[in-house]
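What follows is each chain in one-letter form.
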Amino acid sequence: MELLQDVFGTAEKISPFIFVLRTLVVGIMLYVEGKVLPHRSGGQFAGYDFAFFWMMGGLTAAPLFEPKISIINTVAVVTVIYLMHYLISYIAVKNRTFAKVVLGQAVPLIAGGKILRENMAKTFFPLELLLSDLRTVDAPNLNEVEVAVLETSGHVSVLKKSDYQPVTPKDLNRKTMGGGLPTILITEGKVLAENLHELGYDEKWLNEQLLKKGITNIKDVYVALIDAAGELYYSVKNQG
């Protein structure tokens, strides 16, 4: 009974052990708050992440504002919180069922171009926010949307119908050089032969491509790059 009084009641001075127990109780309370809050309010954090960051920040700074709180208690509590977070994260990686409990699940908001009103109400997700998220991915028309899902991060993932998705090099049967950043072929009028050869081209091909764009002298080119789709981009030197 005295232990419960120390944990849940008031006390002039508490031991590190009681401080840890209080931290566990507060952590559970914050976790529940993070779970019941709408996804938008929780931001990108899962429920236990929400509790972890709030508690770490508050507890670490507590001795600065309250002299009665000892550094030893603070260190003990921060260590416990860190270990708890690590353990929860580890189990979530190893156990899918546990992960669904602590991380939650994504909720579909649109399916087949139709808004799922029950899911919108269940997640407290207003129509205005949904339309705003659709506009950010260039899908202002609901008829263009195949699926929209409210992720556990609080963000909305949108998949357009196939008729409205952008054309890819594969659709055009065009060869690409793989993903990643564009490759520099010319810099300050000098050809980077190594980059050119790695892509399977030679200087003759490069001269032909530049000639098509009206460039007769490579030395006039400040920089030339080629992207993954095989498109050549360039900028000439300032002739002034």
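This section reports on the structure supplied with the text. Note that the coordinates shown come from a computational prediction; the quantities given were computed from them, not determined experimentally. (Residues numbered from 1 in each chain as written. Predicted model: local features only at pLDDT ≥ 70, side-chain atom pairs only at ≥ 80, totals over all residues. Heavy atoms only, no water.)

Within the sequence span of helix α8 (residues 127-136), burial applies to Leu130, Asp133 and Leu134. Along the axis of α8, the buried residues cluster in a sector spanning 100 degrees; they form a single face. Facing away from the buried side of α8 by more than 90 degrees, the exposed set consists of Glu128, Arg135 and Thr136. Looking one or two places after α8, you find aspartate 138, whose phi comes out positive at around 60 degrees. (Buried < 20%, exposed > 50% of the residue type's maximum accessible area, 1.4 Å probe, protein only. Helix = DSSP H or I, 4+ residues; strand = E, 2+ residues; numbered from the N terminus. Arc of directions from axis to C-beta.)

With four bridges connecting them, strand β1 (residues 107-111) and strand β3 (residues 145-150) associate as antiparallel partners. Paired with proline 108 across the strands is valine 149, a residue of β3. Note that β3 and strand β4 (residues 156-160) share five bridges and pair antiparallel. Following the sheet pairing, valine 149 is matched in β4 by serine 157. Here β3 hands over to β4 after five residues, with glycine 154 in that stretch at a positive phi of 95 degrees. (Pairing = 2+ DSSP bridges.)

A word on the sheet that holds strand β8 (residues 232-236). Reading across the sheet, the four strands line up as β6-β5-β7-β8 and stay open at both edges, with antiparallel pairing between neighbours. Two strands in the sheet have a free side with no partner beyond their single neighbour: β6 (190-191) and β8. The sheet contact formed by strand β5 (residues 183-187) and β6 spans two bridges and is antiparallel. Along β6, the bridge assignment pairs isoleucine 186 with valine 191. The strands touched by helix α10 (residues 203-212) within the sheet are β5, β6, β7 (221-226) and β8, with β5 carrying the most contacts at an inclination of about 80 degrees. (Contact = heavy atoms within 4.5 Å. Axes fitted to C-alpha atoms, helices over the stretch in contact; angles between N-to-C directions.)

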